[in-house]
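Letter by letter, the chains look like this.
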Amino acid sequence: MIEIIPAIDLIDGKCVRLSQGDYDQCTRYDASPVDMAKRFLDSGLRRVHVVDLDGAKASSPANLLTLEQIASLSGIEVEWGGGIKTDQALRDTFNAGATYAIIGSIAVRQPDKMAEWLRTYSGSRLILGADVRDGKVSVAGWLEDSSATIEDLVNQFKPAGLSQAICTDISKDGMLQGPAFDMYTRLQDQFPEVVFTVSGGISSLGDIIRLNELGLKRVITGKALYENRITLKDIEKLYI
């Protein structure tokens, strides 16, 4: 069964969701990030996807205290992204308890640094975060578009040990309109040695079931969970 990874996006230490990466289209939720992570963990979801949106905007991690609190939950694995631009920021992220670090902008702007980090920490701990808009990868918290494609980046970093990538279709993120099925199947077929995580657009349990049938390995869901289009009980039934 495909691994379901619940998302927690952070602004000012609070749970939020953006629509199409737009900070002006921000929905805030009452539950604390730690409480949400505990609920996910109690439902059997061990891996959580956490994005520090303040950090992404500021180019430096801004919610590491929240990371420490989430990571303190027994048995949880945290994949953390947002603002990891320097050696110190990466060390701070791991020291605060992240199991995996998601690297986005650096992979585009400083590819030699990304390759160095992959060789130092291995592809088992570093995840390429590729946020795609109109076929091109966006950086700086989705605020700037680059000329690189996801295929360019995967080809570039495979020799350094890249084995995991989260690819987010920004046009679908937070829109609850279904993911870009064709894009993900194409990527998985083209690069079978890399595990691609589907991100953006999940609207129902049916989307997840279809992704599983297509052979995808991992999927992130956020807004659909927060708005009860998918419930934790629904997810629990998939694994029974």
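Located above this text is the structure these notes cover.
Model, not experiment: these values are computed from the prediction.

Caption draft 1: Highlighting the nonpolar core. By size, the foremost hydrophobic cluster in this structure holds 66 residues, and its most contacted members are I8, F40, I103, L128 and I150. Non-local contacts of I103, meaning those with residues more than four positions away in its chain, are made with I84, L90, M114, W117, L126, I127, L128 and G129.

Caption draft 2: Quick peek at helix α9 (residues 205–213). Taken residue by residue, α9 has D207, I208 and L211 as its buried positions. Considered in projection along α9, the buried side chains sweep an arc of 95° and stay on one side of the axis. Considering only its buried residues, α9 is in contact with β1 (3–11), α8 (181–190), β11 (195–199), β12 (218–221) and α11 (232–238). Between the side-chain oxygen of the N-cap and the backbone nitrogen of G206 there are 3.3 Å, and the N-cap of α9 in question is S204. Phi for G215, located one or two positions after α9, is positive at around 95°.

Caption draft 3: Fine view of helix α4 (residues 87–95). Of the residues making up α4, those classed as buried are A89, L90, T93 and F94. All buried residues of α4 project into a common sector of 135° when viewed along the axis, lining one side.

Caption draft 4: Layout of the packing of aromatic side chains. Counting across every chain of the model gives three aromatic pairs. Between the aromatic rings of F94 and Y121, the centroid separation amounts to 5.2 Å while the plane-to-plane angle is 40°, which identifies the pairing as tilted. With F94 in helix α4 and Y121 in helix α6 (residues 111–121), the pair connects residues that are 27 residues apart, well separated along the chain. Here F94 falls in the buried class, since its relative accessible area comes to 12%. You can call Y121 partly exposed: its relative accessible area is 23%. For the ring pair F191 and F196, a centre distance of 6.3 Å and an interplane angle of 45° mean the geometry is tilted. Each member of the pair, F191 as well as F196, is classed as buried.

Calculation rules
Residues numbered from 1 in each chain as written. Predicted model: local features only at pLDDT ≥ 70, side-chain atom pairs only at ≥ 80, totals over all residues. Heavy atoms only, no water. Core = buried A, V, L, I, M, F, W, Y, C linked by side-chain atoms within 4.5 Å. Buried < 20%, exposed > 50% of the residue type's maximum accessible area, 1.4 Å probe, protein only. Contact = heavy atoms within 4.5 Å. Helix = DSSP H or I, 4+ residues; strand = E, 2+ residues; numbered from the N terminus. Arc of directions from axis to C-beta. Polar contact = N/O pair within 3.5 Å; in protein donor to acceptor, adjacent residues only side chain to side chain. Phe/Tyr/Trp six-rings, centres within 6.5 Å; stacked < 30°, edge-to-face > 60°.

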